[in-house]
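Residues per chain are reported as follows:
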Amino acid sequence: MKVLAIDDQQLVLLPLQKRLESLGYEVKTESNAKDGMESFKSFQPDLVIVDINMPDVSGIDVVKFIRIEEKSSIPVMVLSGNTNDEVITEGFELGINDYMKKPLSLNEISARVKRLIGAPETSVVVENKGNTIIEQRCVGVVIPCYNEEERLLSTQFLDFVDKHSGYHLCFVNDGSKDNTLEVLHNLRKGRESFITVYNCEKNGGKAEAVRLGMLHMAKKEDLDYIGFLDADLSTDLADFDDLVSTIENSDYKIVSGSRISRMGADITKESARKIISLTINYIIRKILKMEFKDTQCGAKIFHKDVINTAFSNKFLTKWLFDVEIFIRIRKQYGLQKAKEILCEKPLKRWIHADGSKLSMKDSIKIIGQLGQIAWVLR
């Protein structure tokens, strides 16, 4: 029994193909609608699964091709994030058999496929190791790593990408002197389509590692948003997913995590570090002319169309690149517009991790670096 799946995002197609093949179906995937229509004629599937929102040729056009041009009555299942009533109605009027809205689970998709075309004779019982979610959007996450051999929480990262199919993690090895690069390559094995390792032979600092990683991920056409996250997971992946949900359901171009102490949140900092942090934040607010509570949180998500503005040029400083990003956005869009497209979202959890590369001495130096930024980017 053959299934043709057409979607412009590989992060959707890959887990879908893997699950259906494990159930005994023969699966062919296409990330381009025109190629999908050609494959329809040669592959002769028993079921077509198609997305609606694709560039150049839409999923509705694919359905028209199947029903009108090919005069085929084979089952067609739409898997899309499009909830427009007119589009859905048009799809059913053209003769689609099912409409599923992303995000939804692979378990549900598998059940609906079986309902439409039955189970293959060679079908086997697949051990359910978790309910993988097919996301509505695809997200790239850059994780800078310097000497993280002992601290890298590999299991947490793997568990997350196994459950959330719409994520692609890019670990940037920033010239580590320990076995971080080897750890990262081992982490990637078996998940090459969802994990990238970008290696910098020389240590350039966190700012440059993040910048290079963001520009590298921006080349991937199927990503909607790209962000960065600290390797120690002081901000956890569930909170990062909340940042993604915020930017996805708004007109914001950048959503930045904020370590604001509030009821119901688990936010811990060293007392001395907290005092210095408050001083630095006061200076930053004066420079930016924006009432940011926390610019330096290592969890941020960006709409893809502002990546070039934020990251094309090298940063002046090693630790304050977040401030430089906001200044670049302000200069590009103007102060008022910048305030409209920037969002600061409080985190539910942030823990200061042992082994942080930023010392108290570095924190004091930051005040001087802020003066440098204010002068150069005035």
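Described below are features of the structure shown in this document. (Residues numbered from 1 in each chain as written. Predicted model: local features only at pLDDT ≥ 70, side-chain atom pairs only at ≥ 80, totals over all residues. Heavy atoms only, no water.)

1. Quick look at the packing of aromatic side chains
Basically, it comes down to this: Note on ring pairs: Phe, Tyr and Trp rings are taken, using the six-membered ring of Trp, and paired if centres are within 6.5 Å. Classes follow the plane angle, with under 30 degrees stacked, over 60 edge-to-face and the rest tilted. Any residue under 20% of the maximum accessible area for its type is buried, any over 50% is exposed, and the rest in between are partly exposed; the area is computed with a 1.4 Å probe on protein chains only. By definition, being over a ring means that NZ of Lys or CZ of Arg is both within 6 Å of the ring centre and within 35 degrees of the ring normal.
Evaluated as defined, the whole model comprises eight aromatic pairs. Ring plane angle 90° and centroid distance 6.1 Å describe the contact between Phe311 and Phe315, whose orientation is recorded as edge-to-face. Per residue, the accessibility class of Phe311 equals that of Phe315, and both read buried. Ring plane angle 45° and centroid distance 5.5 Å describe the contact between Phe315 and Phe321, whose orientation is recorded as tilted. Judged by its relative accessible area of 2%, Phe321 is buried. Among the aromatic residues, those joined into a ring-pair cluster are Phe228, Phe302, Phe311, Phe315 and Phe321. For the cation-ring pair, Lys2 lies above Phe43, with the distance from its terminal atom to the ring centre recorded as 4.9 Å.

2. Some words on the nonpolar core
Put simply, the test is: Among buried residues, the Ala, Val, Leu, Ile, Met, Phe, Trp, Tyr and Cys ones that are joined through side-chain atoms within 4.5 Å form a nonpolar core. Every helix listed is a DSSP run of H or I at least four residues long, and every strand listed is a run of E at least two residues long, numbered separately from the N terminus. Contacts between residues were defined by any pair of non-hydrogen atoms, one from each residue, lying within 4.5 Å.
Within the largest apolar cluster, 61 residues are counted, with the highest numbers of intra-cluster contacts made by Ile49, Phe302, Phe311 and Ile325. Top element by residues in this core is helix H12 (residues 321-333). It accounts for six residues. With residues near it in sequence (within four places) discarded, Ile49 still touches Val3, Leu4, Ala5, Ile6, Leu16, Leu20, Met77, Leu79 and Val113. Counting 31 residues, the second-largest nonpolar core is a separate cluster that includes Val161, Val197, Tyr225 and Ala299.

3. Considering the pairing of strand E3 (residues 47-50)
On a regular strand, each side chain points to the face opposite its neighbour's, so the side chains alternate between the two faces of the sheet. Condition: For two strands to be treated as a pair, DSSP must find at least two bridges joining them. Crossovers are described as right-handed under a simple rule: with the strands pointing away from the observer, the path leading from the first strand over the helix to the second runs clockwise.
Burial along E3 is two-sided: the face carrying Leu47 and Ile49 and the face carrying Val48 and Val50 are both buried. In the sheet, strand E1 (residues 2-6) pairs with E3 via four bridges, with the strands oriented parallel. The partner of Ile6 across the bridge, within E3, is Val50. Pairing of E3 with strand E4 (residues 76-80), which is carried by three bridges, proceeds in the parallel orientation. Directly across from Val48, in E4, lies its bridge partner Val76. Taking the sense of rotation as the criterion, the β-α-β connection linking E3, helix H3 (residues 59-69) and E4 turns out right-handed.

4. Observations concerning the pattern of salt bridges
What counts, and what does not: The term salt bridge refers to a side-chain nitrogen of Lys or Arg lying within 4 Å of a carboxyl oxygen of Asp or Glu.
What the rule picks out here adds up to 19 salt bridges. Its salt-bridge partner being Lys64, residue Glu90 comes within 3.6 Å of it at the nearest N-O pair. In this pair, Glu90 sits in helix H4 (residues 85-94) while Lys64 sits in helix H3, placing the two residues 26 residues apart along the sequence. Assessed through its relative accessible area of 29%, Glu90 is described here as partly exposed. Residue class for Lys64 comes out partly exposed when judged on its relative accessible area of 32%.

5. A look at the packing of helix H2 (residues 33-43) against H3
What counts is decided by this rule: Angles shown run from 0 to 180 degrees and are taken between the N-to-C directions of axes, each axis being a line fitted to C-alpha atoms and, for helices, limited to the stretch in contact. Oblique is the label for any angle not covered by the other classes, which are roughly parallel (under 35 degrees), roughly antiparallel (over 145) and roughly perpendicular (65 to 115). Definitions for this section: a left-handed crossing has its near helix turned counterclockwise from the far helix by less than a right angle. A right-handed crossing has that turn clockwise. Gly is placed with the polar residues, together with every amino acid not listed as nonpolar (Ala, Val, Leu, Ile, Met, Phe, Trp, Tyr, Cys and Pro) or charged (Asp, Glu, Lys and Arg).
The N-to-C vectors of H2 and H3 enclose an angle of 20°; their axes lie 10 Å apart at closest approach. By the angle between their directions, the pair H2 and H3 is classed as roughly parallel. As H2 runs across H3, the sense of the crossing is right-handed. Here Ala33, Met37, Phe40 and Lys41 of H2 lie close against H3, whose contacting residues are Asp61, Val62, Phe65 and Ile66. In the contact of H2 with H3, the residues fall into six nonpolar, no polar and two charged.

6. Notes on the pairing of strand E14 (residues 299-303)
In terms of burial, E14 is largely enclosed, as four of its five residues are buried. Note: strand E11 (residues 225-229) against E14, five bridges, orientation antiparallel. Counted as the bridge partner of Gly227 is Ile301 from E14. Bridge analysis of strand E12 (residues 254-258) against E14 gives three bridges, and the strand direction is antiparallel. Counted as the bridge partner of Ile254 is Phe302 from E14.

7. Quick word on the sheet that holds strand E5 (residues 98-101)
Within the open sheet, the five strands sit side by side as E2-E1-E3-E4-E5. Their pairing is parallel. Here the strands that pair on one side only, and so sit at the sheet edges, are strand E2 (26-30) and E5. Averaged over neighbouring strand pairs, the angle between their axes works out to 15° when direction is ignored. Those strands touched by helix H5 (residues 106-117) are E1, E3, E4 and E5, and its axis lies near 180° from that of E5.

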